[in-house]
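# Coordinate inspection notes
The residues making up each chain are set out below.
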Amino acid sequence: MEKYALELKNIYHEFETSIAVNDVSISIEQGEVVCLLGPSGCGKSTTLRLAAGLEKVQAGEIYLNGNLVSSIESQIPPEQRDVGLVFQDYALFPHLSVIENTKFGLKKHSQKIAERRALDALKMVNMDSYSQSYPHTLSGGEQQRVALARAMAPKPKVMLLDEPYSGLDARLRDNIRDEVLHLLKANECATLMVTHDSEEAMFMADRIVMMQEGRIIQTGKPEELYCNPVNAFVAGFFGELNFVDGVVVEKGVDSDLGLLPSRDFKIGDKVEVVARPEALSIREKPCINEEKKAVVVESKLLGRSSLIHLSLPIHSKGGNKNKHLHARVPGVVLPRPGAIVGVELDLSQVFVFKK
Ligand code: ATP
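How each quantity is defined
Residues numbered from 1 in each chain as written. Predicted model: local features only at pLDDT ≥ 70, side-chain atom pairs only at ≥ 80, totals over all residues. Heavy atoms only, no water. Phe/Tyr/Trp six-rings, centres within 6.5 Å; stacked < 30°, edge-to-face > 60°. Helix = DSSP H or I, 4+ residues; strand = E, 2+ residues; numbered from the N terminus. Buried < 20%, exposed > 50% of the residue type's maximum accessible area, 1.4 Å probe, protein only. Near = heavy atom within 4 Å. Polar contact = N/O pair within 3.5 Å; in protein donor to acceptor, adjacent residues only side chain to side chain. Areas by Shrake-Rupley, 256 points an atom, 1.4 Å probe, with all protein chains shown as cover. Nonpolar A, V, L, I, M, F, W, Y, C, P; charged D, E, K, R; others polar. Expected span 1.5 Å × (residues − 1). Axes fitted to C-alpha atoms, helices over the stretch in contact; angles between N-to-C directions. Parallel < 35°, antiparallel > 145°, perpendicular 65-115°, else oblique. Contact = heavy atoms within 4.5 Å. 1 Å grid on protein atoms, 1.4 Å probe; cavity = no way out; pocket = protein on both sides within 12 Å on 5 of 7 lines; lining within 4 Å. Points joined across faces, edges and corners; volume = space filled by probe spheres on them. Core = buried A, V, L, I, M, F, W, Y, C linked by side-chain atoms within 4.5 Å. Patch = residues over 30% accessible without salt bridge, like charges linked within 9 Å, V, L, I, M, F, W, Y side chains within 5 Å. Salt bridge = Lys/Arg side-chain N within 4 Å of Asp/Glu carboxyl O. Domains from an automatic or database assignment. Buried area = accessible area lost by both parts, 1.4 Å probe. Pairing = 2+ DSSP bridges.

## Considerations on the packing of aromatic side chains
Here the structure, examined in full by the defined rule, presents four aromatic pairs. Between phenylalanine 233 and phenylalanine 237 the ring centres are 6.0 Å apart and the planes differ by 45°, which places this aromatic pair in the tilted class. Taken as a pair, phenylalanine 233 and phenylalanine 237 lie in helix 8 (residues 232–237) at a separation of four residues, close to a single helical turn. We classify phenylalanine 233 as partly exposed; its relative accessible area is 25%.

Printed below as a string of structure tokens:
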């Protein structure tokens, strides 16, 4: 049997009012970064707290390096697990300075080595100049950076991170998460990280575990979840979507966006077609042929791309209607409102799900 660095087996945890974690199994190899992704309240933090030993499992088992650390019968406390933790409520020790906090997990090393490793970790998060400060004099984001340094300094083989960059502004976050990722990889650390930000998960993760209402709904490499989502919920977690109706006919899926390839559906099935705004490209001089045409409602430059709001005429039983769609196109593309444009689809960014 393969020995994983961290293994959660069928874990379950409920609170008085809700089931927070329902039959969750996750195995993480040495050196692998796994992100738990999902909306607020889906059970990510509880899963991580169970892995850390901060909550008791009510069913299932947790193993570190093949050793049982949590089950209904027994539970090894967090401080004896040799795991790096960054949790919102796993605060810095208020009576210790920044450097003393960072040296906390380095007690088995000589003073000299502990000092050097703590300073290196503080440098990584740009906090070395605060080494003599006390936590109450630091901002929330600065405390979070010290907590990251404290967790990383002993170079643990397993790391549990709960929204570790949430208090940092965008530029600092980009720098620090890059440093953290490379350090985790250099130390071959098995990492389970909670985030609700899909881009952050894609940046950090070798694998993403997507949760909804306490359950895992899809696990895979970031590109698998992005390119082959199992449902509209997963697809929608990676960005805004356009929704149109469709029905399966002999030649494929007849939808308001045209005829699309069908998968394993039956003729007559009603389906939901979801298209990322990036799937829609526009042709400012539409062809006279069967190409779908839409009217431009608004054009907005967003920086690297432009967002075109479109009104697509659709035919329904109740008469003709219009569907509002968004097309995101690279660069500066700003057709005037009222213009009629052709709409083309990149099928790799269009998904069809049974209703
Ligand atoms: P967020 O991203 O908002 O932190 P999450 O995905 O991490 O959310 P959890 O914090 O694990 O979700 O919460 C899962 C469910 O368990 C929620 O319904 C939450 O209200 C509930 N819950 C969490 N902690 C407790 C607690 N200590 N007592 C009661 N219910 C709790």
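## Let's talk about the site of the ligand
Taken together, Phe15, Ser18, Ala20, Pro39, Ser40, Gly41, Cys42, Gly43, Lys44, Ser45 and Thr46 make up the full set of residues near the ligand. Contact distances for the ligand include 3.0 Å between an oxygen atom and a backbone N or O atom of cysteine 42. Within the side chain of lysine 44, an N or O atom sits 2.9 Å from an oxygen atom of the ligand. Across the complex, the protein chains shield 57% of the 630 Å² of accessible surface that the ligand would expose by itself. For the shell around the ligand, the per-class residue count stands at four nonpolar, six polar and one charged.

## Let's talk about helix 5 (residues 170–186)
The first and last C-alpha atoms of helix 5 sit 24 Å apart over 17 residues, in line with the 24 Å expected at 1.5 Å per residue. One or two residues past the end of helix 5 sits glutamate 188, with phi positive at roughly 50°.

## A few points about the packing of helix 4 (residues 140–152) against helix 5
Where helix 4 meets helix 5, the closest approach of the two axes is 12 Å, and the angle between their N-to-C directions is 5°. Relative to helix 5, helix 4 is oriented roughly parallel. Contact residues: Arg145, Leu148 and Met152 in helix 4; Leu172, Ile176, Val180, Leu183 and Leu184 in helix 5. Partitioning the contact of helix 4 with helix 5 into residue classes produces seven nonpolar, no polar and one charged.

## Points about empty space enclosed by the protein
Tallied over the full model, the rule gives one cavity of 30 Å³ or more. The computed volume of the largest cavity comes to approximately 30 Å³. Around the largest cavity sit Met152, Lys155, Pro156, Met159, Leu183, Leu184, Asn187 and Cys189, which together line it. Of the residues in the lining of the largest cavity, the class split is six nonpolar, one polar and one charged.

## Re the nonpolar core
Core analysis: the largest hydrophobic core is formed by 44 residues, its most contacted members being Leu148, Tyr165, Ile176, Val180, Leu184, Met204 and Phe238. Look past the residues within four positions of leucine 184 in its chain and what remains in contact with it is Val33, Met152, Met159, Leu161, Cys189, Thr191 and Met204. Judged by nonpolar contacts, the second largest core, of 30 residues, contains Ala5, Ala20, Leu50 and Val209.

## Regarding a nonpolar patch on the surface
Judged by side-chain polarity, Leu301, Val332 and Leu334 come together as a nonpolar surface patch covering roughly 290 Å² of accessible area. Inspection of the secondary structure puts valine 332 in the loop between strand 18 (319–330) and strand 19 (340–345). Residue valine 332 is classed as exposed on the basis of its relative accessible area of 62%.

## A closer look at the domain arrangement of the chain
It is common to give the size of an interface as the accessible area that goes away when the parts come together. What the domain assignment reports for the chain is domain 1 (6–237) and domain 2 (242–354). For domain 1 and domain 2, the distance between their C-alpha centroids amounts to 40 Å. With seven residues of domain 1 at the interface, the matching set in domain 2 holds eight residues. Summing both partners gives a buried area of about 560 Å² for domain 1 against domain 2, and 56% of it is carried by carbon and sulfur. Three residues, Tyr226, Ala232 and Ala235, lead the burial of domain 1 against domain 2; their summed loss comes to 69% of the area buried on that side. Between domain 1 and domain 2 we count zero salt bridges in total. Where domain 1 meets domain 2, there are two residue pairs in polar contact (both at pLDDT 80 or more). Listing elements by their share of the side of domain 1 that touches domain 2, those giving two or more residues are helix 7 (222–227) and helix 8. Partitioning the side of domain 1 that touches domain 2 into residue classes produces six nonpolar, one polar and no charged.

## Some remarks on the pattern of salt bridges
Between side chains of opposite charge, a pair can form when the charged atoms approach closely. Under the defined criterion, the tally for this structure stands at ten salt bridges. Of the charged contacts in the structure, one is a salt bridge between arginine 49 and glutamate 55, with a shortest N-O distance of 3.3 Å. An identical accessibility class is assigned to arginine 49 and glutamate 55; each is buried. A salt bridge links aspartate 174 to arginine 177; its shortest N-O distance comes to 3.6 Å. Residue aspartate 174 and its partner arginine 177 are located together in helix 5, separated by three residues, close to a single helical turn. On the basis of relative accessible area, aspartate 174 is assigned to the partly exposed category, the value being 35%. A single network of salt bridges, built from pairs that share partners, joins Arg173, Asp174, Arg177 and Glu200.

## Structural notes on the pairing of strand 14 (residues 270–275)
With six bridges joining them, strand 11 (residues 242–249) and strand 14 adopt antiparallel strand pairing. Within strand 14, the position partnered with phenylalanine 243 by the bridge is valine 274. Sheet topology places strand 14 next to strand 20 (residues 350–354); five bridges connect them, and they run antiparallel. Bridge pairing in strand 20 links valine 273 to valine 352.

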